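Examination of the molecular architecture
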Amino acid sequence: MTVWYRVRDLDAGRAFYRETVGFAETYVDWQSRWARLKHGEMEIALAEGEPEDGGVAHVEVEDVKAEADRLRSVGVEVGTVLELHGHVRLVDVFDPDGNRVQLAQDLVSP
């Protein structure tokens, strides 16, 4: 499944997801102004346009607290880290256009 986000500036959006969040870019369509990126099993697509409410990408990370701290330190809007009964730790982060990405850490699996 791919989550689509609209971003006002495709190049800035691509840079944010690649350089700040750690996604790998897998495809760019320069003519139609969209790109596909992947982080683990999560795939997103960015299309140039006015941001809309929509899906939320769920990205597995090793350490949610460390990622939240790292992203805050570079000026990314980061929500509050939540822990659900010792099973999962979650935090919402927001790209420059306000699109929400949820980072998750599995606390049960070794």
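Structure first, text after, so check above.
Before going into details, it helps to say that this report is about the structure given with it. Source: prediction; values computed, not measured.

Now for the sheet that holds strand 1 (residues 2-7). Pairing within the open sheet is mixed, and its four strands lie in the order 1-4-3-2. In the strand order of this sheet, the two ends are held by strand 1 and strand 2 (24-29), each with one partner. With strand direction ignored, the average angle separating the axes of adjacent strands in the sheet is 20 degrees. The pairing of strand 3 (residues 34-39) with strand 4 (residues 42-48) spans six bridges and is antiparallel. By the bridge assignment for strand 4, Lys38 is matched with Glu43.

Considering the arrangement of structural elements, one finds Arg89 in strand 8 (residues 88-94). A polar contact of 2.7 Å, which involves the side chain of Arg89, links it to the side chain of Glu83. Not counting residues up to four positions away in its chain, the partners in contact with Arg89 are Val64, Lys65, Val81, Leu82, Glu83, Leu103, Ala104, Gln105 and Leu107.

The next thing to look at is the packing of aromatic side chains. Overall, the coordinates contain five aromatic pairs when judged by the stated rule. Their ring planes at 45 degrees and their centres at 5.2 Å tell us that Trp4 and Trp34 sit as a pair that is tilted. One end of the pair, Trp4, is in strand 1; the other, Trp34, is in strand 3, and 30 residues separate them in sequence. Look at Trp4 and you get partly exposed, because its relative accessible area is 46%. Taking the centre distance of 5.1 Å and the plane angle of 90 degrees together, the rings of Phe16 and Tyr17 count as edge-to-face. We note that Phe16, like Tyr17, is buried. Through a chain of ring-to-ring contacts, three or more aromatic side chains come together here, namely Tyr5, Phe16, Tyr17 and Phe23.

Parameters and conventions
Residues numbered from 1 in each chain as written. Predicted model: local features only at pLDDT ≥ 70, side-chain atom pairs only at ≥ 80, totals over all residues. Heavy atoms only, no water. Pairing = 2+ DSSP bridges. Helix = DSSP H or I, 4+ residues; strand = E, 2+ residues; numbered from the N terminus. Axes fitted to C-alpha atoms, helices over the stretch in contact; angles between N-to-C directions. Polar contact = N/O pair within 3.5 Å; in protein donor to acceptor, adjacent residues only side chain to side chain. Contact = heavy atoms within 4.5 Å. Phe/Tyr/Trp six-rings, centres within 6.5 Å; stacked < 30°, edge-to-face > 60°. Buried < 20%, exposed > 50% of the residue type's maximum accessible area, 1.4 Å probe, protein only.

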